[in-house]
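For reference, the chains in residue letters:
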Amino acid sequence: FGVGLVGCGVVGGGVVRNLGRNRALIASRAGAELEIRRVAVRDLAKAREGLEVPVTGDWREVVDDPSVDFVVELMGGTTVAEEVARATIAAGKPLITANKALLAERGDGLFAAAEERGVPIYFEASVAGGIPIVKALREGLCANHIRRMHGIVNGTCNYILSRMADEGTGFEETLAEAKALGYAEADESLDVDGIDAAHKTAILASLAYGFHVPFSSVFVEGIRRVEAIDVCMANRLGYRIKLLATVRADENGAVEARVHPTLIPLKHVLASVGGVFNAVAVEGDVVGSTLFYGRGAGPDPTASAVLSDLVEAVGDRLHGGCRGFARHDLYGKLLPMEEVVTRYYLRLTVLNCPGTLAAVAAIFGAHGIGISSVFQPEDHDGETVPLVLLMDYAREKAIRTALVEVDQLKAVRESARVIRVEDFS
């Protein structure tokens, strides 16, 4: 079977290299040979090691090539990538993509078009690199109601937060280090502002609950506001801060999908996921708790997922089958972030004077919000001091309303730093 690549950067190069290296193994498992027939790239001037096939600057030549049976889209973005995807579907050719932004933002229309045309879409590489979480949700756990999922799905953020915890460094210093090592892009916003993780969360939520969860409905908060003092305080309280994706359904079937910095108990396995590694914990009503762990990005892990999709595509072509997005009608409602109930870490900067804690506690009490513990470090001198509160379970809307009043207290000098807490209970 012939393969056409649209995009041949880091991941595309990994696909070419690993297909060549494991050609016999892949052919044996797929039941047929796979051969790259044509490649489209943005910049024809760039040398691409290992490419011995026609290379073009026009992606249409790949899609229209009669020797290309499967199209692999690895270019990223959503505009041209959507054109490639729709043209591939219209041509009746299976589409393999690693493009989480495309699926999260345009996936509903693409899957509908693919279903109408009877064309499969494969997208294992779109979430968590080489971790086979898409196949796990779609196939391995298909007999389960998914109770909840928690994931560390962005390696850049996990590296930064891990280094801040281990070395006591600040965000900006650690971000610069991540860029120097190639773990963060020159424009870090997609990663550190949580957008990349939110794209993946939308895909995971859609897979788990059988209806399209729009990217725009995923609550997103990045890690720029996490300070060294918060990382230190979290550790003293028995937690690690991670950028955590949370997906779960409540007792009424309403689904929450959110990404934000989260305090995770040190005893929980996700707290130990360090560096650029990813992990997704999934709990099903039949299987119980499961954990998927590995490298979430990079040329080889992502190429592994792309090649697994190609093997599956060959099997479906030889034996019949059409993968896509399996909808069901058991769920279909999203829970607004204002209605989410969780625990909270709050750090206030307050005047070092009597009565401040009482005034703060009175406001939370008036809104029916309990305080589970209070911590005020003794190693801070001066006019202002940090006041750290761990709150009981509360509704997001109630916390936000109460904090508006807290911020207006004369003794409070800065708006509260808010980080949500996950106890996995």
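Residues numbered from 1 in each chain as written. Predicted model: local features only at pLDDT ≥ 70, side-chain atom pairs only at ≥ 80, totals over all residues. Heavy atoms only, no water.

**Here we look at the overall build of the chain**
And then number 1: From N to C terminus, the chain includes 14 helices and 17 strands.
And then number 2: Relative to the 2.2 N^0.38 estimate, which gives 22 Å for 425 residues, the radius of gyration of the chain is 24 Å and therefore close to what a compact globule would have.
And then number 3: For the chain, the spread of C-alpha atoms along the principal axes amounts to about 80 × 45 × 35 Å.
And then number 4: Taking all 425 residues of the chain together, 53% fall into the buried category.
And then number 5: Contacts in the chain between residues far apart in sequence, at least 24 positions, make up 74% of those at least 6 positions apart.
And then number 6: Only carbon and sulfur atoms are counted for the fraction: they give 50% of the accessible area of the chain, which is about 18100 Å².
And then number 7: Averaging the coordinates of the 44 positive side-chain charges in the chain and doing the same for the 56 negative ones gives two points 2 Å apart. (Helix = DSSP H or I, 4+ residues; strand = E, 2+ residues; numbered from the N terminus. Rg over C-alpha atoms; globule rule 2.2 N^0.38 Å. Buried < 20%, exposed > 50% of the residue type's maximum accessible area, 1.4 Å probe, protein only. Contact = heavy atoms within 4.5 Å. Areas by Shrake-Rupley, 256 points an atom, 1.4 Å probe, with all protein chains shown as cover. Lys, Arg positive; Asp, Glu negative; His and termini not counted. Charge placed at Lys NZ, Arg CZ, Asp CG, Glu CD.)

**Quick look at helix 8 (residues 171-180)**
Three or four residues apart is the spacing at which side chains of an α-helix point the same way, because the helix has 3.6 residues per turn.
And then number 1: Listed as buried for helix 8 are Phe171, Thr174, Leu175 and Ala178. The buried residues of helix 8 all sit within an arc of 105 degrees when viewed along its axis, so they share a single face. For helix 8, the exposed residues set more than 90 degrees away from the buried face come down to Glu172, Glu173 and Ala180.
And then number 2: Of the surrounding elements, those touching the buried residues of helix 8 are helix 7 (155-167) and helix 9 (189-192).
And then number 3: In the segment just after helix 8, Gly182 is the residue with positive phi, at about 85 degrees. (Arc of directions from axis to C-beta.)

**Some thoughts on the pattern of salt bridges**
And then number 1: Under the defined criterion, the tally for this structure stands at 35 salt bridges.
And then number 2: For Glu61, the salt bridge identified is with Arg38, shortest N-O distance 3.7 Å. With Glu61 in helix 3 (residues 59-64) and Arg38 in strand 2 (residues 35-40), this pair connects stretches of sequence that are 23 residues apart.
And then number 3: Between Glu221 and Arg420 there is a salt bridge, with the nearest N and O atoms lying 3.5 Å from each other. (Salt bridge = Lys/Arg side-chain N within 4 Å of Asp/Glu carboxyl O.)

**Thoughts on the packing of aromatic side chains**
And then number 1: Tallied over the full model, the rule gives 5 aromatic pairs.
And then number 2: On the basis of an interplanar angle of 40 degrees and a centroid distance of 5.5 Å, the ring pair of Phe1 and Phe70 is categorised as tilted. Here Phe70 lies in strand 4 (residues 70-73) and Phe1 lies in the segment before strand 1 (2-6), a separation of 69 residues in the sequence.
And then number 3: Exposure remark for Phe1: the relative accessible area of 24% places this residue in the partly exposed category.
And then number 4: Of the residues examined, Phe70 reaches a relative accessible area of 0% and is grouped as buried.
And then number 5: With a centroid separation of 4.7 Å and an interplanar angle of 70 degrees, the aromatic rings of Tyr209 and Tyr331 are classed as edge-to-face. One end of the pair, Tyr209, is in helix 10 (residues 195-209); the other, Tyr331, is in the loop between helix 12 (299-319) and strand 13 (333-334), with 122 residues separating them in the sequence.
And then number 6: Assessed through its relative accessible area of 0%, Tyr209 is described here as buried.
And then number 7: Just above the ring of Phe123 sits the side chain of Arg138; from NZ or CZ to the centre is 5.9 Å. (Phe/Tyr/Trp six-rings, centres within 6.5 Å; stacked < 30°, edge-to-face > 60°. Lys NZ or Arg CZ within 6 Å of the ring centre and 35° of its normal.)

**Side note on the side chain of Thr349**
And then number 1: Tracing the sequence through the fold places Thr349 in strand 14 (residues 341-351).
And then number 2: Ignoring any residue separated from it by four or fewer positions in sequence, one finds Thr349 in contact with Thr384, Val385, Ala411, Val412, Arg413 and Glu414.

**A closer look at the sheet that holds strand 5 (residues 95-97)**
And then number 1: Sheet architecture is open: 6 strands sit in the order 3-2-1-4-5-6, paired in parallel fashion. The sheet is open, and its two edges are formed by strand 3 (55-56) and strand 6 (121-122), each paired on a single side. (Pairing = 2+ DSSP bridges.)

**Notes on the environment of Ala101**
And then number 1: With respect to the helices and strands, Ala101 occurs in helix 5 (residues 100-117).
And then number 2: Along the primary structure Ala101 and Ile195 are separated by 94 residues, whereas in three dimensions their C-alpha atoms are 8.9 Å apart.
And then number 3: Aside from chain neighbours lying at most four places away, what touches Ala101 is Thr78, Arg106 and His199.

**Section: the pairing of strand 1**
And then number 1: Of all 5 residues making up strand 1, 5 are buried, and the element is well covered by its neighbours.
And then number 2: Side chains Gly2, Gly4 and Val6 of strand 1 all project onto a buried face; the interleaved residues Val3 and Leu5 project onto the opposite face, where all are buried too.
And then number 3: Where strand 1 meets strand 2, 5 bridges bridge the pair, whose relative direction is parallel. The residue bridging Val3 from the neighbouring strand is Ile36, located in strand 2.
And then number 4: Strand direction decides the pairing type here: strand 1 and strand 4, joined by 4 bridges, are parallel. If you follow Val6 over to strand 4, its bridge partner there is Glu73.

**Details of a nonpolar patch on the surface**
And then number 1: Judged by side-chain polarity, Val269, Leu291 and Tyr293 come together as a nonpolar surface patch covering roughly 270 Å² of accessible area.
And then number 2: Examined against the element boundaries, Leu291 turns out to sit in strand 12 (residues 288-295).
And then number 3: When its relative accessible area of 39% is taken as the criterion, Leu291 is described as partly exposed. (Patch = residues over 30% accessible without salt bridge, like charges linked within 9 Å, V, L, I, M, F, W, Y side chains within 5 Å.)

**Considerations on the packing of helix 5 against helix 10**
And then number 1: In the contact formed by helix 5 and helix 10, the axes pass within 8 Å of each other and the chain directions differ by 60 degrees. Judged by the angle between their axes, helix 5 and helix 10 are oblique. The interaxial crossing formed by helix 5 with helix 10 has left-handed handedness. Contact with helix 5, carried on its side by Lys100, Ala101, Leu103, Ala104 and Glu105, involves Asp196, His199, Lys200, Ala202 and Ile203 of helix 10 and no other residues of that element.
And then number 2: Class assignment for the residues of the contact of helix 5 with helix 10 results in 5 nonpolar, 1 polar and 4 charged. (Axes fitted to C-alpha atoms, helices over the stretch in contact; angles between N-to-C directions. Parallel < 35°, antiparallel > 145°, perpendicular 65-115°, else oblique. Left-handed = near helix turned anticlockwise from the far one by under 90°. Nonpolar A, V, L, I, M, F, W, Y, C, P; charged D, E, K, R; others polar.)

**Quick notes on the nonpolar core**
And then number 1: Counting residues in hydrophobic clusters, the biggest one holds 79 residues, and the most contacted among them are Ile133, Leu137, Met149, Ile160, Ile223, Leu263 and Val282.
And then number 2: Here the element with the most residues in this core is helix 10; it accounts for 9 residues.
And then number 3: Apart from residues lying up to four places away in sequence, Ile160 is in contact with Phe171, Thr174, Leu175, Ala178, Val192 and Ile223.
And then number 4: Val16, Ala30, Leu51 and Ala98 belong to the second largest nonpolar core, which has 28 residues in total. (Core = buried A, V, L, I, M, F, W, Y, C linked by side-chain atoms within 4.5 Å.)

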